[in-house]
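One-letter residues, chain by chain:
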Amino acid sequence: MNAPVSERSDNKWIGQRTVRPDGAEKVTGRAAYAADTTMPGMIWGKVLRSPHPHARIRSIDTSKAEKLPGVKAVMTAKDIVDFPLDKSVMLGIQDMRWMCRNVMAREKALFAGHPVAAVAAMSEKIADEACKLIEVDYEVLPWVIDVEEAMKPDAPILHDFIKFEGKPSNIAGKIEHKLGDVEKGFAEADVVIERSFRTKPVHQGYIEPHACLVSVSDGKATVWSSSQGQFMVRAMSAYLTGLPQNDIRAIPAEIGGGFGGKTIIYLEPLALILSRKTGRPVKMAMTREEVFRASGPTSGSYSKVKIGAKKDGTIVAAQGTFCLQAGALPGSPIRGAAGCAFAPYNIANVHSVGFDVVSNRSKVAAYRAPGAPLGCYATECVLDEVAEALKMDPLKLRLKNAAREGTKAAHGPVFPRIGFVETIEGAVNHDHYKTPLPKATNGRLYGRGIASGFWFNAGGESSAQVNINEDGTVVVITGHPDIGGSRASTANIVAELLGIDYRKVSVLIGDTSVIGFSNLTGGSRVTYASAMVATQSTEQVITTLKERAAKIWKIDPDAVVWENGEARPAGDNAGKFEPLTLAQLAAQATATGGPIGAGKQLNTTGAEGGFATHVCDVEVDPELGIARVIRYTSLQDVGRAIHPGYVEGQMQGGASQGIGWALSEEYIYDKNGKLDNAGFLDYRMPVTSDLPMLDAVIIEVPNPKHPQGVRGVGEVPIVPPLAAVSNAVYNALGTRFYSLPMSPPKVLEALQAKSKA
Amino acid sequence: MTEVQYVAPGTLDEAVRVFASASGAARILAGGTDLLVQMRSGAVRPGLIVDIKKIAEMTAIEQGADGSFRIGAAVSGAALREHAKLKAIWPGVVEAANLIGSTQIQGRASAGGNLCNASPAGDSVPAMVAAAATVTVQGPNGRRQLAVEKVPAGPGRTTLAKGEIVVSFTLPPRPKGSGDAYLRMIPRTEMDIAVVGCGVSLTLDKGTCTAARVGLGAVAPTVLLVEDAAKALIGSKLDAAALDKAANACRAACRPIDDKRGTIAYRTQIAGVLLKRAATIAAERAGRS
Ligand SMILES: Cc1cc2nc3c(=O)[nH]c(=O)nc-3n(C[C@H](O)[C@H](O)[C@H](O)COP(=O)(O)OP(=O)(O)OC[C@H]3O[C@@H](n4cnc5c(N)ncnc54)[C@H](O)[C@@H]3O)c2cc1C
């Protein structure tokens, strides 16, 4: 593997694998996660959840629970601000009409696990017992979970207020992208392939369950919780409890994974209300089972994709329909599915449609490149068949049609300089693609598959404050929980710009009372956006430092340059004064004008899309139906790797989650509509020994709109694996699977059916 | 709030006495890797816990003059692995016990706990069944011996009487030319539960199988001893026809359920596949012994 460009440049810190500022704390168990905070007088909150997937709540009697010794308060949806159904109130992509019903069932319980009441008591055990004493009178209703079932005309309807084409429906929304004329395009094609695909809901699988501690005192709330955005926690808690934002201080804990699943809240408003009622700090923590039943997962899906190509491989038309399961309330990631499915390719005629379908399972939460893996799965599997029909190498087919600078994507943008072609060429030339597969031995079969993928990436609001300390060290405060290495990256950038050792720069995550508004850690935006605000703040600090030096030297500030961590006289004055280091200037700050520091707040733009190409080898044991990945290489244009170690971590993490999605992870419901595998034993996320070393090849085509050339990194890697693994399994077996996961019973059944035929 | 009383007697007699005389629900604690998980989830709420790890007999491995082995019921998987002689003679039993959990779990988990937890999917049980292990049980009425396959009664249930404790496993003397093996099918590579488990123990004389036993896990309410499969192997040279016949006998013995871990069809098919593979490994080991 070649060293990435940034490692070969003159940079001292950008592109270096600097020691992780959070590493030692995490591996020694000292990092304080959400459940680690305690307070004197603290009591425990617990949630009573609906056992039914769909039921009208006739009444709730909490009197027995309230009388249990040790119980301090009981709450229901009545205690939460009600947002009427006829008026949308948006916070980012979340509608408060849905959130107020998601955190606690109002008219109806919409999934097994839906909160219906919560209790605060002296201990978790008493709170648990009190939950059992709450009497809920349910009118059990017919239910539907599967997305195709939910779209049928006779399906049980979840919400009377949702209408599609004038009729009550579970279809809550639609998105459509059109480019050219697909009918005309298909008419020109020599090969047309159309296939349907099905996937199961999968959970983000973060190791840290949701937890919070909330203390309300004198009408003001302090919230400690693990989330992907303390400002989101504050705003949503404010909406749902009626407190103004200035009376809520949200303090982000160290976060044990989120992958999108912590971009919404579940417990914080409940704990806040319980604390307000009791005057005591209230702690709440989900069990793993609750996490599986009631948070996340992403959508299950049903998709249909049709692609037409000419003999020479030119793709002339592509059409896709993507139906995504939203769960109890609207909001599935159809934008990602319909928008990303065809974005990697220059196709003249595209028609891409997404449907948002509600059904009786927990409300969908964002999951790494939300929706994009589903769109990509269908497209990239069909492309594999197109390549086969044309007798063309699948990477060559992609290269021929690859989006480049100037390509118009169906979802809107005209791409600027992007690095998609480089990822395909990288795959073609990689040792992995050039190495022949192992020969079938011992009954084992081998196959190779490839797939490419795209994710939008995002900019948005970020704030940073850079302060020079009296001893010349630096503290940087940003407003984003760090889930992928943003502290390390920010330290590298600030150290680089100031020309000082990165160990002199500490990067902290401010709570909502100490740093300006910063949007969610999501959309692969944090290193991108915080690099921009940190850069601009640092540049302003450097301007100030030059002014201070000019003042000391009594020369014009324009005659001072900042080089290698010191102010130097330049121009006519060059060499006339001894340079002044950051530490020297810091020591004289009081005398030269006061403290030195600067902050910047921006709504960042210019986060251009990210592309990747993945190569996957599988080994299949056809007698057992087990497919295992034995070699995996991802090649991704990251713009610029500020901290390559973290970038590789993102690429490997996304690939492993995608492989789990393809082979083993799925939500399994029993015949009563209840999740049957709400734990890591039966929800089969891959373990380390299931995967080979996942090779990550960093490709750097700098983003021209970013000061360091950064593109988002964290989400693209989960987009191609579903198709890469599927295509590899086909290559091994000669049998195609059109649904995920390709679990052993499913694979064995297909192989037996084939051998009988 | 329920109080849990914990005792750790130093002798078996004392353990049996407190265990048998407990008024409410009492539980033996070996490694606790099932028990503590079940207590945390609320599935069991014992009033008394009797830790047996302080009893010498229950944590020892001894080889008798006749070559038999006595393995204390509370011996951990890690201790089994460390016993070179046991591992050389009963590689299948040891590999089965070592499949349980992870390194951390191995430091605690015992074959006694695996058996008494009575999961049809317990990994060490089919290997013990194939090995013709007997267990020694001590209760208020003294000691008795029974075949290992007689202990499980159904998922989570055993045939042990109130107050009875499994003391040890006895593995019989091993004729020359013997080998055993255990294989399980799990979707992951570790940290998973057997969808099917198969233990085979056999003895070869000049390539002909003179004795065989087959244990099957996770395909019925209890671990099964599949005598028809053994019959198919005995007298054969373990040729393809004999292996096919034994595999079909295993499939015929299956009474599995359809669940989130596997379908009836899948489990039944795999039982035969694992039989063939385990028998092949056992035969290869027998050839070397
Ligand atoms: C992370 C994890 C992974 C696991 N993986 C596996 C696996 O791969 N395969 C597998 O088979 N199991 C697995 N298990 C389950 C468990 O580890 C095994 O069943 C183990 O063998 C239990 O042994 P123990 O000594 O810990 O039993 P305990 O938990 O101490 O006891 C289990 C039960 O048996 C009773 N008991 C124990 N000893 C005696 C005795 N001598 N006499 C009478 N009753 C007794 C106890 O009262 C209890 O009811 C796993 C468990 C965990 C937590």
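Residues numbered from 1 in each chain as written. Chains lettered and ligands numbered in written order. Predicted model: local features only at pLDDT ≥ 70, side-chain atom pairs only at ≥ 80, totals over all residues. Heavy atoms only, no water.

Engineer: Would you explain the overall build of chain B in this entry?
Structural biologist: Along its length, chain B carries 11 helices and 14 strands. A globule of 289 residues ought to have a C-alpha radius of gyration of about 19 Å, and chain B, at 19 Å, matches this closely. C-alpha atoms of chain B, sized along the principal axes, occupy 60 × 45 × 35 Å. In chain B, which comprises 289 residues, the share counted as buried stands at 54%. Long-range contacts, defined as pairs at least 24 residues apart, comprise 59% of the intrachain contacts of chain B with a sequence gap of at least 6. Surface summary for chain B: the accessible area is close to 12,200 Å², and the carbon and sulfur share equals 54%. (Helix = DSSP H or I, 4+ residues; strand = E, 2+ residues; numbered from the N terminus. Rg over C-alpha atoms; globule rule 2.2 N^0.38 Å. Buried < 20%, exposed > 50% of the residue type's maximum accessible area, 1.4 Å probe, protein only. Contact = heavy atoms within 4.5 Å. Areas by Shrake-Rupley, 256 points an atom, 1.4 Å probe, with all protein chains shown as cover.)

Engineer: In this structure, what is going on with helix 5 (residues 91-98) of chain B? I would like to understand it.
Structural biologist: An α-helix turns once per 3.6 residues; consequently, residues spaced three or four apart project the same way. Residues and elements named next belong to chain B. Most of helix 5 is tucked away: 7 of the 8 residues are buried. Within the sequence span of helix 5, burial applies to Pro-91, Gly-92, Val-93, Val-94, Ala-96, Ala-97 and Asn-98. Those residues of helix 5 that are buried lie in contact with helix 3 (77-82), helix 4 (84-89), helix 6 (103-106), helix 8 (124-130), strand 11 (178-185) and helix 11 (264-288).

Engineer: Please clarify how the sheet that holds strand 3 (residues 48-51) of chain B should be interpreted in this entry.
Structural biologist: Think of a sheet as strands paired side by side through backbone hydrogen bonds, with each pair either parallel or antiparallel. Residues and elements named next belong to chain B. Spatially, 1-3-2 is the arrangement adopted by the 3 strands of the open sheet, whose pairing is parallel. The two strands at the open ends of the sheet, each matched to only one other strand, are strand 1 (5-7) and strand 2 (26-29). Shown here is a sheet whose adjacent strand axes are inclined to one another by a mean of 20°, direction ignored. In terms of strand pairing, strand 1 meets strand 3 through 3 bridges, oriented parallel. Note on strand 3: the bridge partner recorded for Tyr-6 is Ile-49. Packing of helix 1 (residues 12-21) onto the sheet brings it into contact with strand 1, strand 2 and strand 3, and relative to strand 3 it is tilted by some 165°. (Pairing = 2+ DSSP bridges. Axes fitted to C-alpha atoms, helices over the stretch in contact; angles between N-to-C directions.)

Engineer: I'm lost on the side chain of Asp-22 of chain A in this one. Help?
Structural biologist: Residues and elements named next belong to chain A. Within the fold, Asp-22 resides in the loop between helix 1 (5-8) and helix 2 (23-27). Among the polar contacts made by the side chain of Asp-22, one reaches the side chain of Lys-26 at a distance of 2.7 Å. Apart from the residues lying within four places of it in its own chain, the contact partners of Asp-22 are Glu-254, Asp-482, Arg-487 and Tyr-646. (Polar contact = N/O pair within 3.5 Å; in protein donor to acceptor, adjacent residues only side chain to side chain.)

Engineer: Just checking my understanding: could you explain the site of the ligand for this structure?
Structural biologist: Residue and element names in this part refer to chain B. Around the ligand, the surrounding shell holds 33 residues, and the nearest of these are Ile-28, Thr-33, Asp-34, Ser-110 and Asp-123. In this structure, an oxygen atom belonging to the ligand sits 2.7 Å away from a main-chain N or O atom of Gly-32. Asp-123 places a polar side-chain atom, nitrogen or oxygen, 2.6 Å from a nitrogen atom of the ligand. Starting from 980 Å² of accessible surface for the ligand in isolation, the protein chains cover 87%. (Near = heavy atom within 4 Å.)

Engineer: What am I meant to see in the domain arrangement of chain B here?
Structural biologist: For interface size, the figure often reported is the accessible area lost on association. Residue and element names in this part refer to chain B. Segmentation of chain B into domains returns domain 1 (5-119 + 134-171) and domain 2 (178-288). Each of domain 1 and domain 2 was reduced to a C-alpha centroid, and the two centroids are 25 Å apart. Counting residues at the interface gives 15 residues for domain 1 and 11 residues for domain 2. Together, the buried faces of domain 1 and domain 2 total about 1,100 Å²; carbon and sulfur atoms form 56% of this surface. When the area that domain 1 buries against domain 2 is broken down by residue, the three leading residues are Glu-95, Leu-99 and Glu-149, summing to 40%. Linking domain 1 with domain 2 are 2 salt bridges. On inspection of domain 1 and its partner domain 2, the count reaches 6 residue pairs in polar contact (both at pLDDT 80 or more). Of all the elements in the fold, those that place two or more residues in the side of domain 1 that touches domain 2 are helix 5 and strand 8 (152-154). In terms of residue count, helix 5 provides more of the side of domain 1 that touches domain 2 than any other element does, 5 residues in total. (Domains from an automatic or database assignment. Buried area = accessible area lost by both parts, 1.4 Å probe. Salt bridge = Lys/Arg side-chain N within 4 Å of Asp/Glu carboxyl O.)

Engineer: Hey, could you run me through the sheet that holds strand 11 (residues 171-179) of chain A in this one?
Structural biologist: Residue and element names in this part refer to chain A. Pairing in this open sheet of 5 strands is mixed, and the strands run 11-19-18-17-12 from one edge to the other. Single-partner strands in this sheet number two, and they are strand 11 and strand 12 (191-199). Pairs of neighbouring strands in the sheet enclose a mean axial angle of 10°, with direction left out of account.

Engineer: Before we go on, may I ask you to explain the interface of chain A and chain B in this structure?
Structural biologist: In this complex, chain A contributes 24 residues to the contact, which on the side of chain B involves 21 residues. The interface formed by chain A and chain B contains 6 salt bridges. The salt bridge partner of Asp-682 of chain A is Lys-260 of chain B, with a shortest N-O separation of 3.8 Å. Taken together, chain A and chain B are joined by 15 residue pairs in polar contact (both at pLDDT 80 or more). Listed by contribution, the elements that provide at least two residues to the side of chain A that touches chain B are helix 5 (124-133), strand 29 (626-637) and helix 22 (744-756) of chain A. Counting residues per element, the side of chain A that touches chain B draws most heavily on helix 22 of chain A, at 4 residues. Considered class by class, the residues forming the side of chain A that touches chain B number 12 nonpolar, 3 polar and 9 charged. (Nonpolar A, V, L, I, M, F, W, Y, C, P; charged D, E, K, R; others polar.)

Engineer: Teacher, can you tell me more about the pairing of strand 12 (residues 196-205) of chain B here?
Structural biologist: Along any regular strand the residues' side chains alternate between the sheet's two faces. Residue and element names in this part refer to chain B. For strand 12, the buried fraction is high: 9 of the 10 residues fall into the buried class. In terms of strand pairing, strand 11 meets strand 12 through 8 bridges, oriented antiparallel. In the strand pairing of strand 12, Met-185 is matched with Val-196. The sheet contact formed by strand 12 and strand 13 (residues 208-217) spans 9 bridges and is antiparallel. The partner of Leu-202 across the bridge, within strand 13, is Ala-212. Here strand 12 folds back onto strand 13 in antiparallel fashion, the turn holding 2 residues, of which Lys-206 has a positive phi close to 50°.

Engineer: Before we go on, may I ask you to explain the packing of aromatic side chains in this structure?
Structural biologist: What describes a pair of aromatic rings is the distance from one ring centre to the other and the angle between the planes of the rings. Residues and elements named next belong to chain A. Tallied over the entire structure, the rule returns 22 aromatic pairs over all chains. Where Phe-164 meets Phe-355, the ring centres are 5.9 Å apart and the plane angle is 80°; that geometry is what we call edge-to-face. Of this pair, Phe-164 sits in strand 9 (residues 163-164) while Phe-355 is found in strand 19 (residues 349-358), placing the two residues 191 residues apart along the sequence. The interplanar angle of 90° and the centroid separation of 5.8 Å between the aromatic rings of Phe-454 and Phe-456 together place this pair among those described as edge-to-face. (Phe/Tyr/Trp six-rings, centres within 6.5 Å; stacked < 30°, edge-to-face > 60°.)

Engineer: Before we go on, may I ask you to explain the environment of Ala-105 of chain A in this structure?
Structural biologist: All names here are of chain A. Relative to the assigned elements, Ala-105 resides in the loop between helix 4 (96-102) and strand 6 (108-109). In this structure, the C-alpha to C-alpha distance between Ala-105 and Ala-55, residues 50 residues apart in sequence, is 10.0 Å. Contacts of Ala-105, omitting those with residues within four sequence positions, involve Ile-57, Ala-77, His-114, Pro-115 and Val-116.

Engineer: What is the right way to read unusual backbone geometry from this model?
Structural biologist: Among all residues except glycine, the phi angle is most often negative; among peptide bonds, the trans geometry is most common. At the junction of Leu-740 of chain A and Pro-741 of chain A, the peptide bond is cis and its omega measures out at -5° in the coordinates. Notably, Phe-259 of chain A is not glycine yet its phi reads approximately 55°, a positive angle. The topology assignment puts Phe-259 of chain A in the loop between strand 15 (248-252) and helix 9 (268-278). For Phe-259 of chain A, a relative accessible area of 28% translates into the label partly exposed. The backbone of Met-191 of chain B sits at a positive phi, close to 55°, despite the residue not being glycine. Structurally, Met-191 of chain B can be placed in the loop between strand 11 and strand 12.

Engineer: Any chance you could explain the pairing of strand 28 (residues 610-621) of chain A here in plain terms?
Structural biologist: All names here are of chain A. Among the 12 residues that make up strand 28, 11 are buried, leaving the element largely enclosed by the rest of the structure. As judged from the 11 bridges shared by strand 20 (residues 445-455) and strand 28, these two strands associate in the antiparallel manner. The residue bridging Gly-453 from the neighbouring strand is Ala-612, located in strand 28. Pairing of strand 28 with strand 29, which is carried by 10 bridges, proceeds in the antiparallel orientation. Bridging across to strand 29, Thr-613 finds its partner in Leu-635. In textbook terms, the turn of a hairpin is the stretch between consecutive antiparallel strands, and for strand 28 and strand 29 this stretch comprises 4 residues, one of which, Gly-625, has a positive phi near 75°.

Engineer: How should I be thinking about the domain arrangement of chain A in this particular structure?
Structural biologist: All names here are of chain A. Domain boundaries in chain A define domain 1 (419-454 + 609-757) and domain 2 (460-604). Using only C-alpha atoms to locate each centre, domain 1 and domain 2 end up separated by 41 Å. Contact with domain 1, which involves 14 residues of that partner, is made by 14 residues of domain 2. Linking domain 1 with domain 2 are 6 residue pairs in polar contact (both at pLDDT 80 or more).

Engineer: Can you help me understand the nonpolar core in this one?
Structural biologist: By size, the foremost hydrophobic cluster in this structure holds 95 residues, and its most contacted members are Ile-307, Phe-322, Phe-342, Val-618, Tyr-632, Val-725 and Met-742 of chain A. At 11 residues, helix 12 (residues 372-390) of chain A tops the list of elements feeding residues into this core. (Core = buried A, V, L, I, M, F, W, Y, C linked by side-chain atoms within 4.5 Å.)

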